[in-house]
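# Residue-level structural notes
Read off the chains here:
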Amino acid sequence: MLFFASSTCLSSTEEALKSIVKKGEYVFYTTGGCSCHAPSSDESNDLSGGRPLKTPFGTFFGTNITPDKKFGIGSWSSEDFANAMSEGTGPDGSHFFPTFPYTSFTKIPRSKLDAMFEYLKTRKPIAKKNKEHDIPFPFNIRFSVGVWKWLFFQKGVDTHGSNIDPRYKRGRYLVNGPAHCAECHSPRNIFGALKNDRLFSGAKDGPEGEPSPSILANDDGIGEWSTKDVVYYLKTGMTPEGDFSGGLMAEVIDNGYQYLTDEDLESIAIYLKTLQ
Amino acid sequence: MKFLMLAVFLWSFNSFAKDDEKRQGMAEVREHYMSAVGGNMGTIGAIMKEGVKQPGMIANQAKALHEISSDILTVFEKGSDSKDDDAKAKIWTEWSKFEKKAEAFKKASANLVAVTSKTKDMKKIGAAVGKLGKTCKGCHKSYKEKD
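Below or above, wherever it landed, is the structure these notes cover. (Residues numbered from 1 in each chain as written. Chains lettered and ligands numbered in written order. Predicted model: local features only at pLDDT ≥ 70, side-chain atom pairs only at ≥ 80, totals over all residues. Heavy atoms only, no water.)

### A look at the overall build of chain A
When you go through chain A residue by residue, the secondary structure sums to 10 helices and two strands. When the elements of chain A are put in sequence order from the N terminus, they spell out α-β-β-α-α-α-α-α-α-α-α-α. Against the globule reference of 19 Å for 276 residues, chain A gives a C-alpha radius of gyration of 19 Å, in line with a compact fold. Once the C-alpha set of chain A is aligned to its principal axes, its extents read approximately 70 × 45 × 40 Å. A buried classification covers 50% of the 276 residues belonging to chain A. (Helix = DSSP H or I, 4+ residues; strand = E, 2+ residues; numbered from the N terminus. Rg over C-alpha atoms; globule rule 2.2 N^0.38 Å. Buried < 20%, exposed > 50% of the residue type's maximum accessible area, 1.4 Å probe, protein only.)

### Describing the pairing of strand β1 (residues 52-55) of chain A
All names here are of chain A. Bridging between β1 and strand β2 (residues 58-61) involves four bridges; their strand directions are antiparallel. Bridge pairing in β2 places lysine 54 opposite threonine 59. A loop of two residues connects β1 with β2, the two strands running antiparallel in sequence. (Pairing = 2+ DSSP bridges.)

### Details of the side chain of His180(A)
Residues and elements named next belong to chain A. Among the structural elements, histidine 180 can be located in the loop between α6 (166-176) and α7 (181-185). The class of histidine 180 is buried, set by a relative accessible area of 12%. The residues touching histidine 180, leaving out its near neighbours within four places in the chain, are Thr31, Pro101, Ser104, Phe105, Leu174 and Val175. (Contact = heavy atoms within 4.5 Å.)

### With respect to helix α6 (residues 122-143) of chain B
Compared with the 32 Å implied by 1.5 Å per residue over 22 residues, the 31 Å span of α6(B) between its first and last C-alpha is a close match. With a side-chain oxygen positioned 2.8 Å from the backbone nitrogen of Lys123(B), the residue opening α6(B) is Asp121(B). (Expected span 1.5 Å × (residues − 1). Polar contact = N/O pair within 3.5 Å; in protein donor to acceptor, adjacent residues only side chain to side chain.)

### Examining unusual backbone geometry
Residues and elements named next belong to chain A. Here phenylalanine 137 and proline 138 are connected by a cis peptide whose omega angle stands at 5°. Tracing the chain through its elements places proline 138 in the loop between α4 (110-120) and α5 (142-152). Phi at cysteine 34 takes a positive value of approximately 50°, unusual for a residue other than glycine. Here cysteine 34 shows up in the loop between α1 (2-30) and β1. The backbone of histidine 180 sits at a positive phi, close to 40°, despite the residue not being glycine.

Function-wise, these values are silent; they only describe arrangement.
Listed below in structure tokens is the structure:
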């Protein structure tokens, strides 16, 4: 009888964990599948890191976020993961460079981060050492990132606006939080912080040293795109003109956005269509 | 001797200028070719996303795409790299990889022709369209400069 009770209990715990992992996988997709942690732009995204991200401040290399205990995040706790994502701080208290977009991920609630961490733990561990970032003085001083965060980083989840269209609110959360659209599609100031008055207006020095287009709903951006166009684009990578995205955008679609529900993609489109 | 050096210089300059002209010419052709592919893909995409039941139209667009897919390697012929278009230089340094992607595009367009000749089921056609789109995206991901 006791055996029966404990096996039932174990089975329900397993079911609960499976459900959390499934939720975490979805959160992972909302981030674009952590595509910056792929080994390169041409290889499948095993999350072992290594791809270069060229910026005006030097070249950063995506890190290993597989559950490998030595080289990945296998020895991290859920607390460590939440701190990394929402505060940009490593388990040893060091500051992460803001090429890792914790400035956006900080809007993801803790329960979702815990679920995402459980999902990442199910990925294949890969024993691959992280590459050293290639960044010149003074940007290579981690302490200076602390000052940067004090000046430019606003921590916290997006809770304001309870009486607004829930689809708009969901879209706002996805765009500004996990999908971190502003990080690539906005210009930055001389300190590398987003120019808040020109968010989503495109960037000359996007990730990998390439320009990123405006995604504002005007003539310079996606003003002529319908909601359906935005949804279809985020599912397939195809623009209304029949062109296909290249570079990192194609990867975040392939590795993440294409798996979002139609409702979530519509919410993203609804929010983007309000940006001027 | 001075005249000989001047002649060699002028000849080299002329060769470089002609070579550059040829590259620019092919870049222009390439741009139009890709617009034609985009036109067909855009029409198919519009049919799919608007939920219009026009399998016959997709069949015609697929035939056109498959027909012109045989020119894909020609418009990227070796020695036609140019700064005037979105084609990344690594196309020509990784030519065999690029050839494989071009081959995938040809096969996926042939597959869409085959599927649309057998069925009018928009779900099945949609799956074949998805496969074709993946070959476009797969190539652009590696070999197209961002807009």
